[in-house]
Amino acid sequence: MASWRSGTQKQYKTYIKKWFIFCLERKEDKFHTSVELVLEFLTYLFECGLSYSALNSARSALSAFGLTFDNVPVGKHPLVIRFLKGVYHLRPTVHNDVNIWDVSIVLRLLRRLSPVADISVKDLTLKLVMLIALTNATRSQSIHLLKLSNMQKQKDCFRFKIFDLLKQSRPGYKNPEVILKSFPPDRRLCVYLVLKEYLKRTVDIRSEEDSLILSYIKPHKKCRN
């Protein structure tokens, strides 16, 4: 279980718990079972209204839990695969529409939040986060993991190394650096200058906090509201 990420643990925990209850009610061994009982369990979840993706997660949870038949993980058993294929046909996955938004609208707003020395700490923080996201196409997880202890200031950029596990992390994978470069053509959209101002304005609020982006800005007499 230590090989599971925290998000995976939360996702699998629900279905493993349901599996335990299912086996307990039927007085079956939850560790040494049959493919028939697994199919009954998946059928039960299907009849409860669960979607194909939810049932697929349940299958993965049982496989990760260690259930095998003839040295084959339960999720790869031919009957289980065929069962999930039938579920997909009976209850196909409905994909949410992807919303595409106009970046130029956001950029116009960010330009109006200038000069940065005159805007509130809240607006300064929001402007910084948006510029980081736009200039690096970074996941929110990566922004959350930016730390001052891993920051290197250079003449025209800030460099951040990320040593925590990311969603895409795996053995042999090196987390990419987050580089925030200066943007001379338009100082109003320069993430480098915005970050410099942010660090100066939050130095008294930050105290021992190592995270770059403070999730909660505490009021301070030296900071603008």
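Just so it is clear, the model here is predicted, and its values are computed rather than measured.

Colleague: Would you take a moment to explain the overall build of the protein for this structure?
Modeller: Helix and strand counts for the protein come out as 9 helices and 5 strands. In the protein, the order of α-helices and β-strands from amino to carboxyl end is α-α-α-β-β-α-α-α-α-β-β-β-α-α. Counting all 225 residues of the protein, 35% fall into the buried class. Nonlocal contacts in the protein, meaning residues at least 24 apart in sequence, comprise 56% of its contacts between residues at least 6 apart. For the protein, the exposed area adds up to about 15,000 Å²; of that, 54% sits on carbon and sulfur atoms.

Colleague: Which parts of the structure should I look at to understand the pairing of strand β5 (residues 178-181)?
Modeller: Here is the key point about a regular strand: its side chains alternate between the two faces of the sheet. On β5, burial follows the alternation: Val178 and Leu180 on one face are buried, whereas Ile179 and Lys181 on the facing-out side are not. Relative to β5, strand β4 (residues 157-160) is paired through 4 bridges, and the arrangement is antiparallel. The partner of Phe158 across the bridge, within β5, is Leu180.

Colleague: Quick question: what am I supposed to make of the packing of helix α5 (residues 103-112) against helix α6 (residues 121-136) here?
Modeller: For any two helices packed against each other, one specifies the crossing angle of their axes together with the interaxial distance. Relative to each other, α5 and α6 sit at 140°, their axes nearing to 11 Å. Once α5 is placed against α6, the crossing between them reads as left-handed. Across the interface between the two elements, Val103, Val106, Leu107 and Leu110 from α5 touch Lys127, Met130, Leu131 and Leu134 from α6. Taken together, the residues that form the contact of α5 with α6 break down as 7 nonpolar, no polar and 1 charged.

Colleague: How should I be thinking about unusual backbone geometry in this particular structure?
Modeller: What is expected of a backbone is that most residues other than glycine have negative phi and most peptide bonds are trans. Note that the residue after Ser114, namely Pro115, is joined by a cis bond; omega there is -5°. Locating Pro115 in the fold gives a position in the loop between α5 and α6. Of note, Lys27 is a non-glycine position whose phi angle comes to about 55°, a positive value. Secondary-structure assignment places Lys27 in the loop between α1 (6-25) and α2 (35-47).

Colleague: Please explain the sheet that holds strand β3 (residues 151-153) as it appears in this structure.
Modeller: By way of backbone hydrogen bonds, the strands of a sheet pair with one another, either parallel or antiparallel. The strand order across the open sheet built from 3 strands is β3-β4-β5, with neighbouring strands paired in antiparallel fashion. If you trace the sheet from one side to the other, it starts and ends with β3 and β5, each paired once. Strand after strand, the sheet turns through a mean of 15° between neighbouring axes, direction not considered. Packed onto the sheet, helix α8 (residues 191-201) meets β3, β4 and β5 and runs at close to 75° relative to β4.

The rules behind these values
Residues numbered from 1 in each chain as written. Predicted model: local features only at pLDDT ≥ 70, side-chain atom pairs only at ≥ 80, totals over all residues. Heavy atoms only, no water. Helix = DSSP H or I, 4+ residues; strand = E, 2+ residues; numbered from the N terminus. Buried < 20%, exposed > 50% of the residue type's maximum accessible area, 1.4 Å probe, protein only. Contact = heavy atoms within 4.5 Å. Areas by Shrake-Rupley, 256 points an atom, 1.4 Å probe, with all protein chains shown as cover. Pairing = 2+ DSSP bridges. Axes fitted to C-alpha atoms, helices over the stretch in contact; angles between N-to-C directions. Left-handed = near helix turned anticlockwise from the far one by under 90°. Nonpolar A, V, L, I, M, F, W, Y, C, P; charged D, E, K, R; others polar.

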